[in-house]
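# Topology and contacts: notes
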Amino acid sequence: MGLVVFSDLDGTLLDHGTYSYEKARPALYALQEKSVPLILCSSKTRAEMIPLWYELELSHPFIAENGGGVFAPQDSILTGGLPWQEAGEGWRMLALGRPVDEVRGKFALFQGRFTAQGFGDFSDQEVARLTGLNLAEAALARRREFNEPVLLPYAEKQEAEFMAAAARAGLTVTKGGRFYHLLAGADKGRAVKLVSGLFRGQDPDLITAALGDALNDAPMLASVDRPFLVAKYDGTYADLDLPGLVKAPGSGPAGWNRSVLGLLEERA
């Protein structure tokens, strides 16, 4: 019986402030040693995730932009039987979400009422200031394909009305660690179920696990056998209540590390 681990990035595998995964290295090494696939599942763009994918020496698909797209290396044995598109530079893609231009067009219908701004409105410099990324990283973060991160100026007062306006426009809103994310046609849960199904084609008894820290991780966590909620950078936990949900003992990559090592120890 095999295991596949899905993981959010910002605030989970990556530190909220530094974007470092240093404290997760022991568990990352353990996953490699045991040949357990690690599937990154993030609000980040394809352009942001590919360098990290190579840095972590991964070989399996990853999920970008909150489930908007699944990307797999061209030689992956998982790319048969589905309408994968050629995505260039040795990659194939399953587009699950609607194109970002369509999402931004719908956002424009109600954007002014909230004086809200999305990544399409920001410069690289503004994204860098808001996120703590450097300019090169901010440029990659703005290369959206499916999902528009949005900054609400008065989030506490505007949230409910903003979500209602988005729903009327045919958009889904999910809340991440820093931004509200607008998307249409997909979410992390749908993408995780699809990728899990590809693996289960090879191992029907597969066990799936996932780790996340924010409300936008709820669909992912609800779609696996073993969900783990990592504490946020301030030590609190997102308000999630899911069957079997385990709260990780710690925040960010430290909590991620303990949870993954504990999971692997259980299965030893």
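Here, the structure is the one placed above.
Residues numbered from 1 in each chain as written. Predicted model: local features only at pLDDT ≥ 70, side-chain atom pairs only at ≥ 80, totals over all residues. Heavy atoms only, no water.

## What to know about the overall build of the protein
Along its length, the protein carries 10 helices and 13 strands. In terms of C-alpha radius of gyration, the protein reaches 18 Å, essentially the compact-globule figure of 18 Å for 268 residues. With respect to the principal axes defined by its C-alpha atoms, the protein has extents near 55 × 40 × 35 Å. Counting the 268 residues in the protein, one finds 53% classified as buried. Long-range contacts, defined as pairs at least 24 residues apart, comprise 60% of the intrachain contacts of the protein with a sequence gap of at least 6. For the protein, the computed accessible surface area is about 12000 Å², with 50% contributed by carbon and sulfur atoms. Each charge class in the protein was averaged separately, 27 positive and 34 negative side chains, and the resulting centres sit 3 Å apart. (Helix = DSSP H or I, 4+ residues; strand = E, 2+ residues; numbered from the N terminus. Rg over C-alpha atoms; globule rule 2.2 N^0.38 Å. Buried < 20%, exposed > 50% of the residue type's maximum accessible area, 1.4 Å probe, protein only. Contact = heavy atoms within 4.5 Å. Areas by Shrake-Rupley, 256 points an atom, 1.4 Å probe, with all protein chains shown as cover. Lys, Arg positive; Asp, Glu negative; His and termini not counted. Charge placed at Lys NZ, Arg CZ, Asp CG, Glu CD.)

## With respect to the sheet that holds strand 7 (residues 117-118)
Reading across from one edge, 7-8-10-9 is the order of the four strands in this open sheet, with antiparallel pairing throughout. Of all the strands in the sheet, the pair left with one neighbour each is strand 7 and strand 9 (172-175). When strand 9 meets strand 10 (residues 180-183), the two strands line up antiparallel, connected through four bridges. Looking across to strand 10, one finds that Thr174 is bridged to His181. Its contacts with the sheet place helix 3 (residues 100-107) against strand 7, strand 8 (148-151) and strand 10, and it is angled at close to 30° to strand 8. Contacting strand 8, strand 9 and strand 10, helix 7 (residues 155-168) crosses the sheet at an angle of about 5° to strand 10. (Pairing = 2+ DSSP bridges. Axes fitted to C-alpha atoms, helices over the stretch in contact; angles between N-to-C directions.)

## Examining the packing of aromatic side chains
Applying the stated rule across the entire model yields 13 aromatic pairs. For the ring pair Phe110 and Phe114, a centre distance of 6.4 Å and an interplane angle of 85° mean the geometry is edge-to-face. When its relative accessible area of 3% is taken as the criterion, Phe110 is described as buried. On the basis of an interplanar angle of 65° and a centroid distance of 6.2 Å, the ring pair of Phe162 and Tyr180 is categorised as edge-to-face. With a gap of 18 residues between them, Phe162 in helix 7 and Tyr180 in strand 10 connect regions that are remote in the sequence. For Phe162, a relative accessible area of 0% gives the class buried. (Phe/Tyr/Trp six-rings, centres within 6.5 Å; stacked < 30°, edge-to-face > 60°.)

## Brief notes about the pairing of strand 10
With burial as the criterion, each face of strand 10 is covered, one bearing Tyr180 and Leu182 and the other bearing His181 and Leu183. Where strand 8 meets strand 10, three bridges bridge the pair, whose relative direction is antiparallel. Note on strand 10: the bridge partner recorded for Val150 is Tyr180. Two successive antiparallel strands, strand 9 and strand 10, enclose a turn made up of four residues.

## Some details on unusual backbone geometry
Even without a glycine there, the phi angle at Tyr19 is positive, about 60°. Here Tyr19 lies in the loop between strand 1 (3-7) and helix 1 (25-33). Overall, Tyr19 belongs to the buried group, its relative accessible area being 16%. One non-glycine residue with positive phi stands out, namely Glu57, at about 60°. Among the residues examined, Glu57 registers a relative accessible area of 61% and is labelled exposed.

## Observations regarding the nonpolar core
Membership of the largest hydrophobic core comes to 36 residues, with the highest contact counts inside it found for Val5, Leu13, Leu40, Phe62 and Trp256. In this structure, Trp256 is in contact with Ser7, Thr12, Leu13, Ala24, Ala27, Leu28, Leu31, Leu38, Leu211 and Val230, ignoring residues within four places of it in sequence. (Core = buried A, V, L, I, M, F, W, Y, C linked by side-chain atoms within 4.5 Å.)

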